[in-house]
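Here is what each chain is made of, one letter per residue.
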Amino acid sequence: SQVSAEVYNYSFPTNFAFGVASSAYQIEGAYNEDGRTDSIWDYNLHEKPSWVIDESNGDVACDSYHKWEEDVQLIKELGANFYRFSISWSRILPSAYKDTEVNEKGVAYYNNLINKLLDEGITPMVTIYHWDLPQSLQENGGWMNATIADNFVFYAKTLFQLFGDRVKHWITFNEPIEICEAGYSSDRKAPFLNAAGVGGYICSHNVLLSHGKTYREYEKLFKPTQRGQIGLSAASYWYEPKENSGLDAEASHRALLFSLGWYIHPLVKGNYPPIMIERIDEISKKEGFAESRLPKFTDSEIEMIRGSFDFIGLNHYTTVQGTFGTDFPEPSAYFDCGVKSSVDPEWEVAPTSSWLRNVPWGLRKLLVWIKNEYGNPPVLITENGWSSTATLDDTDRIRYINGYLLSVLQAIHEDGCNVLGYTHWSLLDNLEWLAGYSARFGLVDVDFNSSNKTRTPRKSYGVYQEIIKSRRINP
Ligand code: PNW
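Residues numbered from 1 in each chain as written. Predicted model: local features only at pLDDT ≥ 70, side-chain atom pairs only at ≥ 80, totals over all residues. Heavy atoms only, no water.

In the nomenclature of an unreviewed UniProt entry, the chain corresponds to Myrosinase 1-like from the organism Henosepilachna vigintioctopunctata. You can read under Subunit (unreviewed entry) in the UniProt record for the chain the words "Homodimer." Here is the UniProt Sequence similarities (unreviewed entry) comment for the chain, exactly as written: "Belongs to the glycosyl hydrolase 1 family." (UniProt positions renumbered as here; feature names shortened; annotations may be inferred.)

Participant: Any chance you could explain unusual backbone geometry here in plain terms?
Facilitator: Trans is the prevailing form of peptide bonds, just as negative phi is the prevailing case for residues other than glycine. With an omega of -10°, the peptide bond running from Glu 330 to Pro 331 counts as cis. Residue placement: Pro 331 occurs in the loop between strand S8 (319–324) and helix H13 (333–337). One non-glycine residue, Asp 99, lies in positive phi territory at about 65°. By the element assignment, Asp 99 lies in the loop between helix H4 (89–92) and helix H5 (104–119). (Helix = DSSP H or I, 4+ residues; strand = E, 2+ residues; numbered from the N terminus.)

Participant: How should the sheet that holds strand S13 (residues 419–425) be read in this particular structure?
Facilitator: Note: strands within a sheet are paired through backbone hydrogen bonds, in either parallel or antiparallel orientation. Here 8 strands make up a closed barrel; going around it, the order is S1-S2-S3-S4-S5-S7-S12-S13 and the pairing parallel. The sheet shows a mean angle of 25° between the axes of neighbouring strands, taken without regard to direction. Bridge count between strand S1 (residues 17–21) and S13: 5 bridges; the pairing is parallel. Looking at the pairing, Val 20 lines up with His 424 of S13. In the packing of helix H8 (residues 176–184) onto the sheet, contacts are made with strand S3 (123–129), strand S4 (169–174) and strand S5 (229–235), and the angle to S4 comes to roughly 15°. This element, helix H16 (residues 459–470), spans S1 and S13 of the sheet and lies at about 155° to S1. (Pairing = 2+ DSSP bridges. Axes fitted to C-alpha atoms, helices over the stretch in contact; angles between N-to-C directions. Contact = heavy atoms within 4.5 Å.)

Participant: Can you help me understand the environment of Ile 381 in this one?
Facilitator: Examined against the element boundaries, Ile 381 turns out to sit in strand S12 (residues 379–383). Distance from Ile 381 to Asn 15, taken between C-alpha atoms, is 14 Å for residues 366 residues apart in sequence. Apart from residues no more than four positions distant in its own chain, Ile 381 is found in contact with Leu 314, Leu 363, Leu 367, Val 408, Val 419, Gly 421, Tyr 422 and Thr 423.

Participant: Just checking my understanding: could you explain the site of the ligand for this structure?
Facilitator: Gln 26, Asn 174, Glu 383, Glu 432 and Trp 433 are the nearest of the 15 residues found near the ligand. Relative to its unbound accessible surface of 450 Å², the ligand loses 92% to contact with the protein. The cavity where the ligand resides is the largest pocket. A class-by-class count of the residues in the shell around the ligand yields 7 nonpolar, 4 polar and 4 charged. (Near = heavy atom within 4 Å. Areas by Shrake-Rupley, 256 points an atom, 1.4 Å probe, with all protein chains shown as cover. 1 Å grid on protein atoms, 1.4 Å probe; cavity = no way out; pocket = protein on both sides within 12 Å on 5 of 7 lines; lining within 4 Å. Sits in = over half its atoms within 2 Å of the grid points. Nonpolar A, V, L, I, M, F, W, Y, C, P; charged D, E, K, R; others polar.)

Structure (structure tokens):
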């Protein structure tokens, strides 16, 4: 659907920030250099290369561990206000567990990066955890073990101590639904645990408790002097009712509560969405489980988690259609939710990611849904992006960026949504998890066959540069 001409007259508010994002395992390489130890991704992709379609891994990736200065230069040229990157836990704490030694060489790498960004006028935004759990913690159950919270809080506090004098924007977790539902209830992400209907809920519970504790420790020990902000980045599709029926509308709303609401509801309201609690309790009982598969928060945990955010991070890529339906295997979060998803074949599909379709109005509807459901909290779009082929002439990405940013402008100017900024995923082509190097998400092309991982800006890089400069979308 087209937007009306006047939407092109809107500009981004003066305090609206533009950035680009990346994550450690996807770009750094240097997997065993300077004391870094294995994460669950290193371990699993070395054990079984066929997890990844091109049998690639993050051993070298974009080699940003050595080429970070060039990356900062690209961000500077782009004119971005901030750079969202993640820190590799096992580079900072090779022994991973609480009270273990900090690795000075790992610290130096991030100090250099942060200082250079600041020198160039780029605000550093740090994701504390972007999926690369130290393998030694996984050997003790990883996110399934409640003791992970103490280890995570120690790691996070180490980062606040080391970098918090200069880093004022922190994201505890990138996409808990991918960490947990994909990692522990399926085999779509490491550690490939595949405990459907169980693993994802336990993992998410521990992630939420870890987030809440980290927020409260920062609030108590660091915020008074460092004055930074903390959020969590949740991933969500927009669910558009497939048929114009009450049942599909109810199903689509429920799917949003079971995905975005799974994490944002606790942060805003203290607990899981009531519909999740009711359905999972009841279905677990019918399935013969002695207790609900959804763990319970205590009253004091609810108090701790409620309000544990300064902004909501939103990773949004695409839209699906929701239909009422329960034909899923049991137990599973899909069965618990009871919504089937499909797509409109008319929606343009990304040439290298079959799940990704260009549906710009979905972002606007999602922002309005968050506003209505959660009292218009400050939302930072922490990821949005498109995967093209290796071409430099990426007109499909340009179409996607323009469409989604127009949708953001409408959400701000016509719907009054509180949107703080926009982050494009990604600066560089990088290791797209199980899609390897086949799905290119970069504004900048990376030649992975070249020994120096040559970076070449695409056409979209120039378009985003122009948007940041003019603060509007050029018709
Ligand atoms: C994100 N979905 O994952 C991750 O944060 C990035 O590391 C990743 O490279 C990027 O998106 C591109 O895939 C997603 O199901 C996982 O809509 C799933 C979805 C979206 C993003």
